[in-house]
Amino acid sequence: MRGRLFAVLIALVMLVATVMPATAVTYGEPDGNAHPYVGLVVFYDADGKATHRCTGTLLSPTVFLTAGHCTYQAAGARVYFDPTVVRSKTNYPYYGGVTGTPYTYEGYDEFATFPNTGDVGVVVLDEPVYMDTYGVLADVGALDALATQRGRDGYATFTVVGYGLQSVKPALSAELTRYRGTVSLVNLRNALTDGYNLQHTGDPGQGNGGSGGTCFGDSGGPVFLGNSNVIVAVTSFGLNANCAGVGFGYRVDTAAAQNFILDFLQQ
């Protein structure tokens, strides 16, 4: 029994070693103006050089929710809400957007305490962006009732939205366009989730019940409950470099995550 358990632990360690931040909605469709409060965010270092980009959701005129691995160690940010963002030769947008300051949840540790990664961050915008509708945080514990359910036959479906890659192989496709897709619940209580992450389907056509998935650049983007604007998780990581198979979101329906986010919303 001990030998079998050791083998399982070794397999888990090897699997966790392949965990990587997520990057765009694959096999999805252009979002247009369906989710105008979902934006592309570019992060900058202390010298003002663009370093990476992610996705996020506006929760109020000035509070933009994204992933902790996106905001971590970033000195500044600029957020764009256009369905398609114009980019320069460096692959980053070169005009427009709203500047802001990134903040990372104190529990984020670069995935060292996996699966409780604390992968949530916010950007506080320097100028308010007013919209008719914003993203809304799910109630604390909203996903707990689904812990033992599988996403089949339309049950427990989610909408993922992001500006990430549309494909890696056979060809790299990296439009700066907001895409959306529909995914289904896989698990909330396995070794990769354990109550902290949401595991959902992806890579449609492989018998997993999805019509879209997440990839590089989608990180921080919302996982909406059904077709609503209620956010249950932020896109966090995948298990391979080809954006194939299942995806994972860090849950924001927990008291710890919401205490961090609400500190900014209440200011």
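The following refers to the structure shown. (Residues numbered from 1 in each chain as written. Predicted model: local features only at pLDDT ≥ 70, side-chain atom pairs only at ≥ 80, totals over all residues. Heavy atoms only, no water.)

## Here's the deal with the pattern of salt bridges
Between side chains of opposite charge, a pair can form as their charged atoms come close. Rule in force here: Each reported salt bridge corresponds to a side-chain nitrogen of Lys or Arg within 4 Å of a carboxyl oxygen of Asp or Glu. For helices the rule is a DSSP run of H or I covering at least 4 residues; for strands it is a run of E covering at least 2, with both sets numbered from the N terminus onward.
Throughout the structure, instances matching the rule amount to six salt bridges. As a salt-bridge pair, Arg251 and Asp144 come within 2.8 Å of each other at their nearest N and O atoms. You can see Arg251 sitting in strand S15 (residues 247-251) and its partner Asp144 sitting in the loop between strand S9 (136-137) and strand S10 (157-162), a full 107 residues away along the chain. Shared partners join several salt bridges into a network, and the residues in it are Glu29, Asp31, Arg178 and Arg180.

## A few points about the state of the cysteines
In a disulfide, the sulfur atoms of two cysteines are held together by a covalent bond. Here is the rule we go by: Here, two cysteine sulfur atoms that lie within 2.5 Å of each other are counted as a disulfide. For each residue, the accessible area found with a 1.4 Å probe, counting protein chains only, is set against the maximum for its type, and the residue is called buried under 20%, exposed over 50%, and partly exposed in between.
Applying the stated criterion across every chain yields a total of one disulfide. Here Cys54 engages in a disulfide with Cys70; their sulfurs sit 2.1 Å apart. Across the S-S bond linking Cys54 and Cys70, the dihedral sits near -90°, which makes this disulfide left-handed. Note that Cys54 is positioned in strand S4 (residues 50-58) and Cys70 in helix H2 (residues 68-71), a separation of 16 residues in sequence. Like Cys70, Cys54 is buried.

## Looking at the packing of aromatic side chains
Using the following cut-off: Each Phe, Tyr or Trp ring, with Trp reduced to its six-membered ring, pairs with another whose centre is within 6.5 Å; inter-plane angles below 30 degrees give stacked pairs, above 60 give edge-to-face pairs, and intermediate values give tilted ones.
Evaluation of the coordinates by the stated rule reveals ten aromatic pairs. Measuring from centroid to centroid gives 5.1 Å for Tyr103 and Phe264, while their planes differ by 45°, and the two rings are tilted. On the criterion of sequence distance, the pair formed by Tyr103 in strand S7 (residues 98-104) and Phe264 in helix H3 (residues 255-265) is long-range, its members being 161 residues apart. Tyr103 gets classed as partly exposed once you look at its relative accessible area, which sits at 36%. Classification of Phe264 as buried rests on a relative accessible area of 12%. Ring centres of Tyr108 and Phe111 lie 6.2 Å apart, and the angle between their planes is 90°; this geometry places the pair in the edge-to-face category. The exposure class of Tyr108 is buried, given its relative accessible area of 10%. The class for Phe111 is buried, based on a relative accessible area of 17%. Among the aromatic residues, those joined into a ring-pair cluster are Tyr72, Tyr108, Phe111, Phe114, Phe237 and Phe248.

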